[in-house]
Amino acid sequence: MTGFSTRAIRASARAPRVDQDPTSVPIYQTATFASEDADELDAVLLGSQPGYAYSRLDNPTTTALADAIAELEGAEAAHIFGSGMAAIHAALVALAGAGDRIVASNAVYGSTQSLLVNVLGRLGIRTDFVDATDRDAIAAALADGPARILYAETLSNPTMIVADHGALAGLAHTYGAAYIVDNTFASPYVCRPLEHGADLVVESATKYIGGHSDVLAGTVAGRAELIAEVRRVQIDTGAALAPLAAFLVLRGLATLGVRLDRHAATSAALAGWLERQDGVRQVRHPLLPSHPGSDIVARQFHGASGMFAFELDGGRTAARAFIDALQIPARTASLGSIHTMVVHPPSTTHRQLDDTALAAAGIGPGLLRCSIGLEDTDDLLADFAAGLEAARGATPAPASA
Ligand SMILES: *Cc1c(COP(=O)(O)O)cnc(C)c1O
């Protein structure tokens, strides 16, 4: 008879045999998997035999999520990460090393910009930033010496410019670069960059794919041979997603389409209404006919997400009064959630920029970025109306002549 602790350890680790398929993916909450014998363990660890050995390499819940993402992005393969930034890091360093050059849109997510400049820059990877809507500027940057990667986002933050993936992929390939897209603001329900020529698509699954602002995750999808490179980076850098988190993302993913239809309908209703209000200078929503990229939206999007931006006449004072008057959105800075979130980029995500630099980036001092959630449209309209009232009241009266 073995001792109590030996029996307790064995007894508590005996998984029941299940002959019926569960209707949701189980959470394989384990770091290790046991093989039949030493040969099998070696083969699984080496990858010469499919299977599971250690959850930093592969875990069944996370693999289920990777397979689902690959299918929905229209990709051969996908790999899953502990956050969107981990996914972006792995995608970039899988394809670029010391001495290489990257050409990137100058309107990328703040941490991506910092990753390119402060982390990869220190490791000898140079990034040249260009206006991704200016084809001549991109061609000139790509022609300016070998470039490994052209990097852009489907929708720019917070200016809501739509990247023309077909054109950008064509330019990248002409100059021998891979085209990598961050599709977070759209999600694979609204846009699938791989279908328009992208080589890799990255998503912060923390946003629309998870959808409930309760889990961090990231995904990279593309051709199998590129994903094998991405996976190699992940294994040695360690940004694996935990099985419980993978389960939560799978649960969000199931309802991505119905959520996005509702996000799009409500955000388009609010954007159209704002366009008709006094004190609103400009509204940028992909589904408004006034959007400068309407033709690209028609070619490349299925609907839209909950993301749009608008500019108040009254500048910073009006924008801050608008946010403080809102009752429904919590004052938080993320996006892609069931909860509506409104942020003032000049004082949050883009606070390092002065008004001249902001203007150069197309960001007016009164710009607000909205991520419209799943609350009822009429409640949000009433809240935004109260916000506009407060914004008009807060605007300093123009000096009389
Ligand atoms: C949030 C976000 C990221 C980073 O994702 P995390 O999951 O927070 O690491 C990257 N790109 C875009 C466009 C984002 O919105």
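Residues numbered from 1 in each chain as written. Predicted model: local features only at pLDDT ≥ 70, side-chain atom pairs only at ≥ 80, totals over all residues. Heavy atoms only, no water.

### So, unusual backbone geometry
With an omega of -5 degrees, the peptide bond between Asn-157 and Pro-158 qualifies as cis. In this structure, Pro-158 sits in the loop between strand 4 (149-153) and helix 7 (165-174). In this structure, Met-160 takes a positive phi of about 60 degrees despite not being glycine. By secondary structure assignment, the location of Met-160 is in the loop between strand 4 and helix 7. By relative accessible area, which is 0% here, Met-160 ends up buried. The backbone of Ser-187 shows a phi angle near 80 degrees, a positive value even though the residue is not glycine. Relative to the helices and strands, Ser-187 resides in the loop between strand 5 (178-182) and strand 6 (200-204). (Helix = DSSP H or I, 4+ residues; strand = E, 2+ residues; numbered from the N terminus. Buried < 20%, exposed > 50% of the residue type's maximum accessible area, 1.4 Å probe, protein only.)

### Thoughts on the domain arrangement of the chain
For an interface, size is often stated in terms of accessible area lost upon the parts coming together. Domain annotation for the chain reports domain 1 (38-253) and domain 2 (256-392). Spacing between the C-alpha centres of domain 1 and domain 2 amounts to 26 Å. For the pair domain 1 and domain 2, the summed buried area comes to about 2700 Å², and 63% of that belongs to carbon and sulfur atoms. The interface formed by domain 1 and domain 2 holds one salt bridge in total. (Domains from an automatic or database assignment. Buried area = accessible area lost by both parts, 1.4 Å probe. Salt bridge = Lys/Arg side-chain N within 4 Å of Asp/Glu carboxyl O.)

### Focus on the side chain of His-350
Residue placement: His-350 occurs in the loop between strand 10 (341-343) and helix 13 (355-360). According to the relative accessible area criterion, His-350 is buried, its value standing at 14%. With residues up to four places along the chain from it excluded, the contact list for His-350 reads Asn-157, Pro-158, Pro-345, Leu-358 and Ile-363. (Contact = heavy atoms within 4.5 Å.)

### Some words on the nonpolar core
Buried together is how nonpolar side chains tend to be arranged in soluble globular proteins. Residues Leu-65, Ile-69, Leu-142, Leu-150 and Tyr-179 are the most contacted members of the largest nonpolar core, which totals 58 residues. Here this core spans two domains, since at least three of its residues come from each of domain 1 (38-253) and domain 2 (256-392). If near-sequence neighbours (up to four positions away) are discounted, Leu-142 is found in contact with Arg-101, Val-103, Ala-147, Leu-150, Leu-171, Ala-172, Tyr-175 and Ala-177. Listed in part, the 29 residues of the second largest apolar core include Val-108, Leu-115, Tyr-151 and Ile-227. (Core = buried A, V, L, I, M, F, W, Y, C linked by side-chain atoms within 4.5 Å.)

### Describing a negative patch on the surface
On the surface, Glu-36, Asp-37, Asp-39 and Asp-42 cluster together to form a negatively charged patch. If you trace the backbone, Asp-42 turns up in helix 2 (residues 38-46). (Patch = residues over 30% accessible without salt bridge, like charges linked within 9 Å, V, L, I, M, F, W, Y side chains within 5 Å. Areas by Shrake-Rupley, 256 points an atom, 1.4 Å probe, with all protein chains shown as cover. Lys, Arg positive; Asp, Glu negative; His and termini not counted. Charge placed at Lys NZ, Arg CZ, Asp CG, Glu CD.)

### Considering the sheet that holds strand 4
Read from one edge to the other, the open sheet built from seven strands follows the order 1-7-6-5-4-2-3, with strand pairing classed as mixed. With one partner strand each, in any of the chains shown, strand 1 (77-81) and strand 3 (126-130) form the two edges of the open sheet. Neighbour-to-neighbour, the strand axes of this sheet turn through a mean angle of 20 degrees, independent of strand direction. The sheet strands contacting helix 4 (residues 84-95) are strand 1, strand 2 (101-105), strand 4, strand 5, strand 6 and strand 7 (218-222), and the helix crosses strand 6 at an angle near 160 degrees. Packing against the sheet, helix 5 (residues 110-120) makes contact with strand 2, strand 3 and strand 4, and its axis sits at approximately 145 degrees to strand 3. (Pairing = 2+ DSSP bridges. Axes fitted to C-alpha atoms, helices over the stretch in contact; angles between N-to-C directions.)

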